[in-house]
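# Summary of the model geometry
The residues making up each chain are set out below.
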Amino acid sequence: MPEKVVIIGSGPAGWTAAIYAARANLQPLVYEGSATWDQNRVNGTTPLGQLNLTTEVENFPGWPFVDSAALAQFSRSALPDDRYGNLAHFHSGKRAHTGKRAAFGPELMEFMRQQAVNFGTRIVTDDIVKVDFKKHPFVLHSREGESVESQAVIVATGARANYLGLPSEDKYKNNGVSACAVCDGALPRFKNKPLVVVGGGDSAVEEGTYLTKFASTVYLVHRRDELRASKIMQDRALSNPKITMKWNRVVDEVIGTEADGVTSVRLKSTVDDRTEELDAGGMFVAIGHTPNTDFLEGALALDDKGFIKWTRPQRCWTSVEGVFSAGDVSDSYYKQAVTAAGTGCMAALDAERWLAEKGYH
Ligand code: NAP
């Protein structure tokens with residue numbers, strides 16, 4: 001018997017879709033991806049999505065600051081031992097956290113996963129590497145050589161932030177290097193420090209402007225002498241006294257220590273041989289995102305930036321009837337955990353209604 005709905009991906013969109021699909025009696029099957037597949041580790045596409053790679057999540061509604069010990073108790077009560085084990089380092093041992101804080105990304109993701117499990121979601125810890133959407137029921141092939149048939153599919157494989165690719169950048173990820181100012185900018189480590197933002201698009205300009213609320217100064221490092229960002233956003237940034245433009249520069253190296261994280265950033269010119277070192281307590285990379293769509297091999301229509309196209313206004317329908325998409329894999333614009341969760345809900349409702357219309361459910 002084919003599945004009613006298979007969900008590919010395990011970020012906020014995937015789990016929210018699973019919660020809704022499970023509660024609609026669709027017995028969803030989630031392919032959550034594999035943490036041990038090297039390609040996932042290198043790309044930053046391991047299970048539980050981008051939030052699993054972040055620290056505190058202060059902007060997810062319903063999660064105000066809470067005492068660390070209370071969160072530990074909550075985790076203990078909400079999760080089975082094996083999943084609690086993934087979070088234990090936050091709560092006990094040398095690196096345990098104390099005082100009030102927001103939930104960490106990995107905590108929120110474990111809670112979402114558990115919520116989906118509680119309503120009967122089945123999970124496979126494997127990656128879908130090939131799809132056949134020409135046949136119906138659709139056929140999905142996993143990396144471990146399994147195949148599964150499904151009447152409906154929800155693709156929620158997310159996107160990954162682009163990084164510069166410097167070893168020193170990788171070394172300080174989550175220790176002063178971030179790809180999300182909205183997520184991390186307000187953390188105490190960045191307060192009143194000079195910060196570097198890399199990029200020249202709307203994200204870089206918006207994130208640079210946002211960071212001026214916390215930073216002593218923001219250096220906006222762009223590889224050309226002209227911003228790509230929209231005029232209004234440029235004007236706002238260029239007239240902000242806390243923003244200093246570093247035109248025609250790229251980052252050469254991120255410098256820091258294990259204990260303090262990032263302490264400075266070395267830039268090099270794109271027009272001559274000059275280099276300079278800026279004192280900086282953090283570096284925010286805003287050079288775009290890459291949606292995780294390689295495994296589709298053209299099976300769904302993509303937009304001009306490579307994100308899965310929604311083919312009906314306000315709906316999560318894709319170019320193939322019965323295949324829906326949710327979250328950052330279809331969103332080059334908002335890119336927030338809460339919007340991903342919202343579209344996960346929409347995709348599950350769309351799938352449920354489509355299955356009912358077709359008589360599959
Ligand atoms: P983007 O428009 O693709 O801009 C990426 C920027 O990063 C470009 O300036 C690019 O330089 C630079 N870049 C790319 N690779 C680089 C590298 N390896 N080293 C150094 N610099 C590099 O991406 P985005 O800013 O994330 O925006 C994505 C979309 O979301 C856009 O459509 C944007 O309008 C939208 N958005 C809108 C808002 C808003 O309206 N409030 C806010 C954020 C995003 P070049 O310019 O030289 O190519």
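Residues numbered from 1 in each chain as written. Predicted model: local features only at pLDDT ≥ 70, side-chain atom pairs only at ≥ 80, totals over all residues. Heavy atoms only, no water.

Before going further, it helps to spend a moment on the packing of helix α1 (residues 12-23) against helix α11 (residues 337-358). Closest axis-to-axis distance for the α1/α11 pair is 7 Å, and the angle between their directions is 35°. Between α1 and α11 lies a crossing whose hand is right-handed. On α11, the residues touching Pro 12, Ala 13, Thr 16, Ala 17, Tyr 20 and Ala 21 of α1 are Ala 337, Ala 340, Ala 341, Gly 344, Cys 345, Ala 348 and Leu 349. A per-class count over the contact of α1 with α11 returns 11 nonpolar, 2 polar and no charged. (Axes fitted to C-alpha atoms, helices over the stretch in contact; angles between N-to-C directions. Helix = DSSP H or I, 4+ residues; strand = E, 2+ residues; numbered from the N terminus. Left-handed = near helix turned anticlockwise from the far one by under 90°. Contact = heavy atoms within 4.5 Å. Nonpolar A, V, L, I, M, F, W, Y, C, P; charged D, E, K, R; others polar.)

Time to look at helix α10 (residues 231-238). Taken together, the buried positions of α10 are occupied by Met 233, Gln 234 and Ala 237. Axial view of α10: buried residues confined to an arc of 100°, hence all on one face. Turned more than 90 degrees away from the buried face of α10 sit Lys 231 and Ile 232, all of them exposed. Contact partners of the buried residues in α10: α9 (202-211) and β13 (243-246). (Buried < 20%, exposed > 50% of the residue type's maximum accessible area, 1.4 Å probe, protein only. Arc of directions from axis to C-beta.)

Before going further, it helps to examine the state of the cysteines. Counted by the stated rule, this structure contains 0 disulfides. No disulfide involves Cys 316; its sulfur sits 8.8 Å from the nearest other cysteine sulfur, which is in Cys 345. A residue is classified by how much of its surface remains accessible, and Cys 345, at 16% relative accessible area, is buried. (Disulfide = S-S within 2.5 Å.)

Let us look at the sheet that holds strand β16 (residues 275-279). Strand order in the open sheet formed by 3 strands is β14-β15-β16, and the pairing between neighbours is antiparallel. Only two strands of the sheet have a single partner each, and these edge strands are β14 (249-257) and β16. Geometrically, the sheet is characterised by an average inter-axis angle of 25° between neighbouring strands, direction not taken into account. Note: β14 against strand β15 (residues 261-269), 8 bridges, orientation antiparallel. Along β15, the bridge assignment pairs Arg 249 with Ser 269. (Pairing = 2+ DSSP bridges.)

Next up on the list: the sheet that holds strand β11 (residues 194-198). Within the open sheet, the 5 strands sit side by side as β10-β17-β11-β12-β13. Their pairing is parallel. Here the strands that pair on one side only, and so sit at the sheet edges, are β10 (177-178) and β13. Of the pairings in the sheet, the one linking β11 to strand β17 (residues 282-285) comprises 4 bridges and is parallel in character. What sits directly across from Val 197, in β17, is Phe 284.

Once that is clear, we can look at the packing of α1 against helix α6 (residues 105-118). As a packed pair, α1 and α6 sit with axes 8 Å apart at the nearest point and diverge in direction by 25°. The pairing of α1 with α6 is recorded here as roughly parallel in orientation. Here the hand of the crossing between α1 and α6 comes out left-handed. For the pair formed by α1 and α6, the contact residues are Pro 12, Trp 15, Ala 18 and Ile 19 on the first element and Met 109, Met 112, Arg 113, Gln 115 and Ala 116 on the second. (Parallel < 35°, antiparallel > 145°, perpendicular 65-115°, else oblique.)

Once that is clear, we can look at the site of the ligand. The environment of the ligand is formed by 19 residues, the closest being Asp 202, Ser 203, Arg 224, Arg 228 and Lys 305. Residue Asp 202 places a side-chain N or O atom 2.5 Å away from an oxygen atom belonging to the ligand. At 2.7 Å, a side-chain N or O of Arg 224 approaches an oxygen atom of the ligand. Broken down by element, the shell around the ligand gets its largest block of residues, 3 residues, from α9. Classifying every residue of the shell around the ligand gives 5 nonpolar, 7 polar and 7 charged. (Near = heavy atom within 4 Å. Polar contact = N/O pair within 3.5 Å; in protein donor to acceptor, adjacent residues only side chain to side chain.)

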